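Secondary and tertiary structure notes
Chain by chain, the residues:
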Amino acid sequence: MELDSSAIDEPYKFLKIVPNSDGSVTRFEQFPRLPPTPELTSESGPEKQLALSKDITLNSENKTFIRLYRPIDNTRKLPVIIDFHAGGFVILSATSSPFHETWTRASAFAPALVITVEYRLAPESRLPAPYDDAMEAIMWVRDQAREIGGCDPWMKELADYSNVHIMGTSAGGNIVYHAGLRVLDADISPLQIKGLIFNQPFFSGVERTESEENLSRNPVLPLSVIDLLWNLSLPPGCDRDHEYCNPLNGGNNAKMEKLPRCLVRGFELDPLVDRIKEFAKMLDAHGVKVVAKIEAGGCHGAEIIDQGKLQELFLQIKDFVYSS
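The paragraphs below set out a description of the structure included in this document. (Residues numbered from 1 in each chain as written. Predicted model: local features only at pLDDT ≥ 70, side-chain atom pairs only at ≥ 80, totals over all residues. Heavy atoms only, no water.)

All chains considered together, the criterion is met by 9 aromatic pairs. Ring plane angle 85° and centroid distance 5.4 Å describe the contact between Tyr177 and Phe279, whose orientation is recorded as edge-to-face. Here Tyr177 is found in helix H5 (residues 171-182), whereas its partner Phe279 is found in helix H8 (residues 273-285), with 102 residues between them in sequence. Here Phe279 falls in the buried class, since its relative accessible area comes to 0%. Clustering of aromatic rings is evident, with ring pairs tying together Tyr177, Phe198, Phe203 and Phe279. (Phe/Tyr/Trp six-rings, centres within 6.5 Å; stacked < 30°, edge-to-face > 60°. Helix = DSSP H or I, 4+ residues; strand = E, 2+ residues; numbered from the N terminus. Buried < 20%, exposed > 50% of the residue type's maximum accessible area, 1.4 Å probe, protein only.)

What follows deals with the sheet that holds strand S5 (residues 78-84). The sheet built from 8 strands is open, its strands ordered S3-S4-S6-S5-S7-S8-S9-S10 with mixed pairing. Of all the strands in the sheet, the pair left with one neighbour each is strand S3 (51-59) and strand S10 (290-295). Direction aside, neighbouring strands of the sheet carry axes that sit 20° apart on average. In this structure, strand S8 (residues 193-199) lies alongside strand S9 (residues 261-267), joined through 5 bridges in parallel fashion. (Pairing = 2+ DSSP bridges. Axes fitted to C-alpha atoms, helices over the stretch in contact; angles between N-to-C directions.)

All right, on to the side chain of Thr209 then. Tracing the sequence through the fold places Thr209 in the loop between S8 and helix H6 (210-214). Take Thr209: its relative accessible area is 15%, and that puts it in the buried class. When neighbours within four sequence positions are excluded, Thr209 is seen to be in contact with Pro271, Asp274 and Arg275. (Contact = heavy atoms within 4.5 Å.)

Let's shift gears to helix H10 (residues 307-322). In this model H10 runs 22 Å from its N-terminal to its C-terminal C-alpha over 16 residues, within 8% of the 22 Å that 1.5 Å per residue would give. Three or more residues of H10 are buried, namely Lys309, Leu310, Leu313, Phe314, Gln316, Ile317, Phe320 and Val321. Its side-chain oxygen at 2.8 Å from the backbone nitrogen of Gly308, Asp306 defines the N-terminal cap of H10. (Expected span 1.5 Å × (residues − 1). Polar contact = N/O pair within 3.5 Å; in protein donor to acceptor, adjacent residues only side chain to side chain.)

Core analysis: the largest hydrophobic core is formed by 81 residues, its most contacted members being Phe84, Ile138, Met155, Tyr177, Phe198 and Leu283. Sort the elements by how many residues they give to this core and helix H3 (residues 129-146) lands first, with 9 residues. Contact partners of Tyr177, with chain neighbours within four places excluded, come to Phe198, Phe203, Pro247, Met256, Leu259, Phe279, Met282 and Leu283. Ranked by size, the runner-up nonpolar core spans 16 residues in total, among them Ile197, Leu263, Leu310 and Val321. (Core = buried A, V, L, I, M, F, W, Y, C linked by side-chain atoms within 4.5 Å.)

Function-wise, these values are silent; they only describe arrangement.
Right, here's the structure in full:
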């Protein structure tokens, strides 16, 4: 990822977006978008192509879809991971090259069936639109299990609906929390959601934390960018203590104690780290079984730029999913 440290005080420039007079933004992609690979290519055999992938429409009106990944040459039932990508609710795509490459590898490594969700972005579709899209994706998986409206052949062949995990990185981690609470009130049988994976979840609040102040000008996720992302994604007129942004503000949600076990990941050099630690403590205080992995060093999105951190992510996902 190319970062322009000179743009720390120019968050629009930093994010490579331009505001428009109608309230939308024009985005200049930070990463290329990659197409799916639904079958083996002529250029590579199974030894090079780790997984297959294909896109499936989720909601044509909202222009949302899912990208489904499956390992090559696998015949046994596999856990299902439903994933939500990073990007502060404003930028990036499920098809952005780092995410496509990560899940191509992780699907084979775990192994698992992976579903990544192309949800609507702000400011054109502010919160809670991504939470609504998340629920649609979860219900799509439920309908696959019930074989409603036809069943995707990959899902029919490989999906273990008794071992479903919901995962998200950064803004995607925020989506996981709110979708995880919503799904407690939904009829999702026969799905069994065994765990939630929060990879550097994106939360904030009006009062600054120590890590936000100390790392306010870090070149990966400066505070000016955090503020802009929330200004663009929260409902108009809401501040950063809104429930979508700050789960610790009145976080005594009675449903929280019913959440499944959670993996919470973070890095000490991420300005979000104090909020991530408090989030893990909040879950634990409500009786949720929490596995917290707060690692020394590392920055927000470290796995995109550090192959060692990416491998750690793979190993932790595999251990958490298969220990269910």
